[in-house]
Number of protein chains: 2
Amino acid sequence: MNLKQLSEILGLSQTTVSRALNGYPEVNEDTRLRVQAAAAKHGYRPNSRAKGLATGRSMVIGHVIPSSSQHEMVNPIFGDFVAGAARKYSDHGYDMMFTNADDTSIEEAYRSLFQRGAVDGIVLQGPKVNEHRIEVLTRMGVPFIVHGRSTGVDVPYDWIDVNNKSSFLRATRFLIDLGHRRIALINGLEDMDFAQRRRDGYLEALHEAGLSPDPELMRSAEMTEVYGHHETRDMLRLDDPPTAILTASMISAIGVRRALNEAGLKMGKDVSVIAHDDDLSYLKNGQDVPIFTATRSSVRRAGEMAAEMLIERIKSPEDPVKTRLLEAELVVGGSTGPAPDRF
Amino acid sequence: MNLKQLSEILGLSQTTVSRALNGYPEVNEDTRLRVQAAAAKHGYRPNSRAKGLATGRSMVIGHVIPSSSQHEMVNPIFGDFVAGAARKYSDHGYDMMFTNADDTSIEEAYRSLFQRGAVDGIVLQGPKVNEHRIEVLTRMGVPFIVHGRSTGVDVPYDWIDVNNKSSFLRATRFLIDLGHRRIALINGLEDMDFAQRRRDGYLEALHEAGLSPDPELMRSAEMTEVYGHHETRDMLRLDDPPTAILTASMISAIGVRRALNEAGLKMGKDVSVIAHDDDLSYLKNGQDVPIFTATRSSVRRAGEMAAEMLIERIKSPEDPVKTRLLEAELVVGGSTGPAPDRF
DNA sequence: TGCGTTATCCAAAGCGCTTTGAAAATGAGT
DNA sequence: ACTCATTTTCAAAGCGCTTTGGATAACGCA
């Protein structure tokens, strides 16, 4: 059932039917009702490709899944971020499109998505330091928003980010206040911008307290459970092992916990742990009392906000750049306590 | 840059340019090269909406994210499944589209996706028992594939599924062979088809061994860490607590482990645990020796296969129904051991 | 030279919608 | 009754591509 057929059934022109359905004022309210009834009855749905061709808008937002060939890793926050965004998109009549791209073709993927007219806007996830893609998107003139920021990129762009530096600064201070001096950082990959900022926060807190950073206590890799476990076990073997560990995600924190248990150490007593908690739906940080002391910021909420900001941008391409910095909560759970007395 | 402009630059007709670019034989190889060079030079990319309109195909596959209003849960396997599928899609020139729909409007979401011409095929995820959506899609005549199956639906349809029953049957047998008699099942939501089948496998193994199921040892809810923890703690308080626990996912198994640790029990010694492992990229089951004894089946691989099967279906709508049943591996890790001697 | 083939290219129709510019119908005002 | 303004409807163009049905050029061969 297409517009032509529907209009023939109704004995009206396509123009009138189209206008009736799209809420234009220049159509009699009676005919509008008639048209709407007929559309519903016959299950008419305007073809979105044709509509897109005619209007020049696709009503689709694009995301790219970087499927790196080296590390076949899907970011665990992906699902929640997307779920948050998807909800807002559908509120505004947008759909969501994904393209897969490996590291080498990622720029091409963005370009293709927009220049083919497949999407009206793009969400850029997981920016690295000096993120090249931001300039690419800027030059292309596509409306986009970055989830995160990129140190070293000086063109202006819309972004939404957690204040990673301040989160880790506060978390580290918290540990220092508890008397910890040997504080480890199990960070994400440090070419990622967020990881860099967390590291900065951590280092600043150490510096404030007159503590000098120990490279042995600073680890960086992809945020998996296995990695959290591996690095913790490794550090526990040091002559002067950490009494506290900051870790970049709940997933890796679980690995940390596993390593502590294996070593017969009690988390929150022998070793304190603070994790960053993205508030994932399938991995809540306990129910009443948090399991881990954590810096918490809902990535789902970030997805919602990113979607809204992008839709705004699409509506008003000339608006000044919008940015949004979210402060993470520091929630205290059972995984932290005063530094043990070793002497 | 559109086709018209490009053809004017080249001094050729749109027809020829289009054919040259799409590999039709009726164009001189020299001109083809000329055209391709010009297209590359000017960054010409055919508008996918226009192309879709003209061809009647959108080259997009649709997925629906069911954002249930009750439980705001994103399935943790989502990311990996999608990553697997996305890769295959892009190999075949397809994009991937998501729509969000709450429980009430989910049927409408599928209908809209296809009848608007937005997608050429649909992936149905997480089927329940007696899944209504399957009949809806069948009646609509849209090519689709189900990830999972649905007991009680007797129309034929394409699906790919893990042999959940056999997995849990084997896992339960394995525990019985180790001398366990009090075996608990911490299952997913049992209106989900996969959970039902796992339950069947579990019950069958008990039955074979002449054990009668104890309702106190059979739990069912959404597969979160908190839930695994909660149910385990609850069961450990029973007069006759379980000596072994089967659990539906690695995530809930982590909760199980946490509860065991809190109770001062040693996993694999005091209580054995078997988990179902979807082989998620961010949650590998250990590196060398698996942490958990597990029934393992890569959901990413399932995503790849689903994508391929769906693309086949779109190509050949009249082919007989295709189904694919994957057997999970039973990998033995450190979380299982002989039943403790309580007497 | 003329004619049939084949290789190469083209004009125009059509995909299903929106939107412009104009016509027809209605109503108000005198 | 007639004019003018307003409301309501319409025909047709256009969005950017593919594809049908020809046209033209090139070629081989008698």
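Residues numbered from 1 in each chain as written. Chains lettered and ligands numbered in written order. Predicted model: local features only at pLDDT ≥ 70, side-chain atom pairs only at ≥ 80, totals over all residues. Heavy atoms only, no water.

Asks: For this particular structure, what's the right way to read the pairing of strand β6 (residues 183-187) of chain B?
Replies: For a regular strand, side-chain orientation follows a simple rule: the groups alternate between the two sheet faces. Residues and elements named next belong to chain B. Taken across its five residues, β6 has five buried, putting it largely inside the fold. Here β6 shows two buried faces, one formed by I183, L185 and N187 and the other by A184 and I186. Two elements, β6 and strand β8 (residues 244-247), share four bridges in a ladder whose sense is parallel. Within the sheet, the bridge partner assigned to A184 lies in β8 and is I245. (Buried < 20%, exposed > 50% of the residue type's maximum accessible area, 1.4 Å probe, protein only. Helix = DSSP H or I, 4+ residues; strand = E, 2+ residues; numbered from the N terminus. Pairing = 2+ DSSP bridges.)

Asks: Just to check I follow, could you spell out the environment of B:L185 for this structure?
Replies: Its location among the elements puts B:L185 in strand β6. The spatial distance from the C-alpha of B:L185 to the C-alpha of B:R219 is 6.1 Å, given a sequence separation of 34 residues.

Asks: What should I look at first to understand the packing of aromatic side chains in this one?
Replies: Here the distance between the centres and the angle between the planes together describe a pair of aromatic rings. Summed over all chains, the structure comprises four aromatic pairs over all chains. Ring plane angle 65 degrees and centroid distance 5.5 Å describe the contact between A:F78 and A:F98, whose orientation is recorded as edge-to-face. Placement of A:F78 in helix α5 (residues 78-91) and of A:F98 in strand β2 (residues 95-101) is noted, with a sequence separation of 20 residues between them. A ring pair is formed by A:F98 and B:F98, whose centres lie 4.6 Å apart and whose planes are at 70 degrees; its orientation type is edge-to-face. You can see A:F98 sitting in strand β2 and its partner B:F98 sitting in strand β2 (residues 95-101), one on each of two chains. (Phe/Tyr/Trp six-rings, centres within 6.5 Å; stacked < 30°, edge-to-face > 60°.)

Asks: What exactly am I supposed to notice about the pattern of salt bridges here?
Replies: Two side chains that carry opposite charge are able to pair once their charged atoms sit near each other. All chains considered together, the criterion is met by 54 salt bridges over all chains. Residue B:D95 is joined to A:R116 by a salt bridge in which the shortest nitrogen-to-oxygen separation is 2.5 Å. Of this pair, B:D95 sits in strand β2 while A:R116 sits in the loop between α6 (106-115) and β3 (121-125), on two different chains. Its relative accessible area of 8% is what places B:D95 among the buried residues. Ionic pairing is found between A:R219 and A:E231, a salt bridge with its closest N-O pair at 2.8 Å. Of the two residues, A:R219 sits in strand β7 (residues 218-220) while A:E231 sits in helix α10 (residues 225-236), which places them twelve residues apart along the sequence. One continuous salt-bridge network, built from bridges that share partners, spans B:E216, B:R219, B:E231, B:D234 and B:R237. (Salt bridge = Lys/Arg side-chain N within 4 Å of Asp/Glu carboxyl O.)

Asks: I would appreciate a short explanation of the interface of chain A and chain B in the present structure.
Replies: A common way to report how large an interface is uses the accessible area buried once the components associate. Between chain A and chain B, the contact holds 58 residues from the first and 58 residues from the second. Between chain A and chain B, a total of about 5100 Å² is buried, with carbon and sulfur atoms accounting for 54% of that surface. Interface area lost by chain A to chain B is led by A:R45, A:R49 and A:Y282, which between them contribute 17%. Here B:R45 ties to A:E108 by a salt bridge, and the two come within 2.9 Å at their closest N and O atoms. (Contact = heavy atoms within 4.5 Å. Buried area = accessible area lost by both parts, 1.4 Å probe.)

Asks: I tried to follow α10(A) on my own but got confused; where do I start?
Replies: Owing to its 3.6 residues per turn, the α-helix brings residues three or four apart onto one side. An ideal rise of 1.5 Å per residue puts 16 Å on twelve residues; α10(A) measures up with 17 Å between its terminal C-alpha atoms. Among the twelve residues that make up α10(A), nine are buried, leaving the element largely enclosed by the rest of the structure. On its buried side, α10(A) packs onto β6 (183-187), β7, β8 (244-247) and α11 (250-262) of chain A together with α11 (250-262) of chain B. (Expected span 1.5 Å × (residues − 1).)

Asks: Just to check I follow, could you spell out the protein's contact with DNA strand C for this structure?
Replies: Around DNA strand C sit 29 residues, and of these A:L3, A:S18, A:R19, A:Y24 and B:T15 come closest. Backbone atoms, meaning sugar and phosphate, form 57% of the atoms of DNA strand C found within 4 Å of the protein. Between DNA strand C and the protein, one listed contact pairs a phosphate oxygen with a side-chain N or O atom of A:Y24 at 2.5 Å. Contact between DNA strand C and B:R19: a base nitrogen at 2.7 Å from a side-chain N or O atom of the residue. Broken down by secondary-structure element, the contributors of at least two residues to the surface near DNA strand C are α2 (14-21) and α4 (48-55) of chain A together with α2 (14-21) and α4 (48-55) of chain B. In terms of residue count, the dominant contributor to the surface near DNA strand C is α4(A) (five residues). When its residues are assigned to classes, the surface near DNA strand C shows eleven nonpolar, 13 polar and five charged. (Near = heavy atom within 4 Å. Polar contact = N/O pair within 3.5 Å; in protein donor to acceptor, adjacent residues only side chain to side chain. Nonpolar A, V, L, I, M, F, W, Y, C, P; charged D, E, K, R; others polar.)

Asks: How should I be thinking about the domain arrangement of chain A in this particular structure?
Replies: We note that the domain assignment places domain 1 (3-46), domain 2 (60-162 + 300-326) and domain 3 (164-298) within chain A. One C-alpha centre belongs to domain 1 of chain A, the other to domain 3 of chain A; they are set 61 Å apart. (Domains from an automatic or database assignment.)

Asks: Any chance you could explain the sheet that holds strand β12 (residues 329-331) of chain A here in plain terms?
Replies: All names here are of chain A. One open sheet accounts for six strands, arranged β7-β6-β8-β9-β10-β12; its pairing is mixed. Because the sheet does not close on itself, it has two edges, and the strands there are β7 and β12. Averaged over all pairs of adjacent strands, the angle between their axes in this sheet comes to 15 degrees, without regard to strand direction. Lying on the sheet, helix α9 (residues 193-208) is in contact with β6, β7, β8 and β9 (272-277); it crosses β6 at an angle near 175 degrees. (Axes fitted to C-alpha atoms, helices over the stretch in contact; angles between N-to-C directions.)

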